[in-house]
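Examination of the molecular architecture
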Amino acid sequence: MPKAYVFTRYGGPETEALVDLDRPRPGPGEVLVAVRAAGVNPVDWKQRTGYRRPGESGERVFPSVLGNEVAGVVEESGEGVTGFTPGDEVFGTAVAGGYAEYALLAAGITAHKPAGLSFTDAATLPVAAATAYDGVHQLDLPAGATLLVTGAGGGVGVAVAQIARARGLRVVGVASEGKKDLLESLGAVHVPSGPDWAAAVRLTAPDGVDGVYDLVGGEVLHEAAGLVRDRARLITAGAPAEEVERLGGARVARARDTAVLRAVADLVVRGELNPHVTLTFPLERAGEALREVESGHARGKVVLEIGADA
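What you see is a predicted model, and the numbers here were worked out from it, not measured in a lab.

What counts and what doesn't
Residues numbered from 1 in each chain as written. Predicted model: local features only at pLDDT ≥ 70, side-chain atom pairs only at ≥ 80, totals over all residues. Heavy atoms only, no water. Phe/Tyr/Trp six-rings, centres within 6.5 Å; stacked < 30°, edge-to-face > 60°. Buried < 20%, exposed > 50% of the residue type's maximum accessible area, 1.4 Å probe, protein only. Lys NZ or Arg CZ within 6 Å of the ring centre and 35° of its normal. Helix = DSSP H or I, 4+ residues; strand = E, 2+ residues; numbered from the N terminus. Arc of directions from axis to C-beta. Core = buried A, V, L, I, M, F, W, Y, C linked by side-chain atoms within 4.5 Å. Pairing = 2+ DSSP bridges. Polar contact = N/O pair within 3.5 Å; in protein donor to acceptor, adjacent residues only side chain to side chain. 1 Å grid on protein atoms, 1.4 Å probe; cavity = no way out; pocket = protein on both sides within 12 Å on 5 of 7 lines; lining within 4 Å. Points joined across faces, edges and corners; volume = space filled by probe spheres on them. Nonpolar A, V, L, I, M, F, W, Y, C, P; charged D, E, K, R; others polar.

**Brief notes about the packing of aromatic side chains**
Here the structure, examined in full by the defined rule, presents three aromatic pairs. Residues F7 and Y10 carry aromatic rings whose centres are separated by 6.3 Å and whose planes lie at 35° to one another, so their mutual orientation is tilted. Residue classification places Y10 among the partly exposed positions, given a relative accessible area of 36%. What links up through ring pairs into an aromatic cluster is the set F7, Y10 and F62. In this arrangement the basic side chain of R23 is found over the ring face of Y102, its NZ or CZ atom lying 5.0 Å from the centre. Looking at K113, its charged tip hangs above the ring of F119, at a distance of 4.7 Å from the centre.

**Looking at helix 7 (residues 218-225)**
Within the span of helix 7, buried status applies to L221, A224 and A225. All buried residues of helix 7 fall inside an arc of 105° around its axis, so they share one side.

**Things to note about the nonpolar core**
By size, the foremost hydrophobic cluster in this structure holds 49 residues, and its most contacted members are F91, L125, L147, V160 and Y213. When residues in this core are grouped by element, the largest group, eight residues, is from helix 3 (residues 125-139). With 28 residues, the next largest nonpolar core counts A107, F281, V293 and I306 among its residues.

**Overview of the sheet that holds strand 2 (residues 16-20)**
Strand order in the open sheet formed by three strands is 2-1-4, with antiparallel pairing between adjacent strands. Both edges of this open sheet fall to strand 2 and strand 4 (64-65), since each of them pairs with a single strand only. Relative to strand 4, strand 1 (residues 3-7) runs antiparallel, the two sharing two bridges. From the neighbouring strand, F7 faces strand 4, where its bridge partner is S64.

**Here we look at the side chain of E69**
Within the secondary structure, E69 is located in strand 5 (residues 69-77). Note on E69: relative accessible area 0%, which makes it buried. At 2.7 Å, the side chain of E69 forms a polar contact with the backbone nitrogen of V127.

**Examining the layout of surface pockets**
Computed from the structure, the largest pocket encloses a volume of approximately 1,200 Å³. As for the largest pocket, its lining consists of 45 residues, and the residues nearest its centre are P42, K46, V156, L215 and A237. Of all the elements in the fold, those that place two or more residues in the lining of the largest pocket are helix 1 (42-48), helix 3, helix 4 (155-166), strand 9 (170-175), helix 8 (241-246), helix 10 (286-294) and strand 15 (301-305). Counting residues per element, the lining of the largest pocket draws most heavily on helix 1, which supplies four residues. Considering only residue class, the lining of the largest pocket consists of 22 nonpolar, 13 polar and ten charged. The space that makes up the second largest pocket amounts to roughly 880 Å³. Taken together, 42 residues make up the lining of the second largest pocket; nearest its centre are N68, A94, V95, A96 and G97. Looking at the lining of the second largest pocket element by element, the count peaks at five residues for strand 7 (residues 102-112). For the lining of the second largest pocket, a count of residues per class yields 21 nonpolar, nine polar and twelve charged.

Remember, this is a structural readout, not a statement about activity or role.
Structure representation (structure tokens):
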């Protein structure tokens, strides 16, 4: 039977297990793929603790497969799905988990993988890169403006920095000292995270910043709000909507469609976006991969390579 990495109840890492599951069957609007690679993201372990993504409804069924983004090869399409045939190489958003040998993708958030894009890199795009792309376009800052990115050294932050730089923005990235070289290699100004980070940003941008893309939330979000000249240019993917709205900002508005997936894939193929996959693991070591991301110390992206030719 196909294998999948699941959590059996809400809780910590002790709820995770590698199990045998029946091969899923695609329902209406779904595509079944043989998984070649799956991205690992903070939202994965947060869902294990009971977190619900905006718009998510219904009771979770256990065991629940972890993971939200996948690249693979089409096996079968469900009712009403057009444009995908068996053998197509695709990437997209998992319907019910992606840390598995087979996964269901939502056809409306699935795109054909360009030939010049590896499965490993493609698996990083539906969550991290697409979130970055949506937020940068939501801010719509003019060329030459200064964008402050908090939590800039993770998968989303690394993509934000590159997409913003490609649009001609000056990027100031707040991240740990260990991620300084990475951010500077992307053309960003690095500010060390820690108790004095806001003061350091003021030295770098004495007149304030033109926009904030927050990926941390909490106290960091509140401090960042005091640095942006126009609170309408304050967005977050790291805090609930009600928290950022009290500050005058907004959550990142996710498009969640094929057009965005095609756009970020094109950026990678053109060399304007490097997913910076720094660690890969086989499915059997999915727990280790998730611990890397859960620790908050991962540089760039972590990916599970599950099938051949990832």
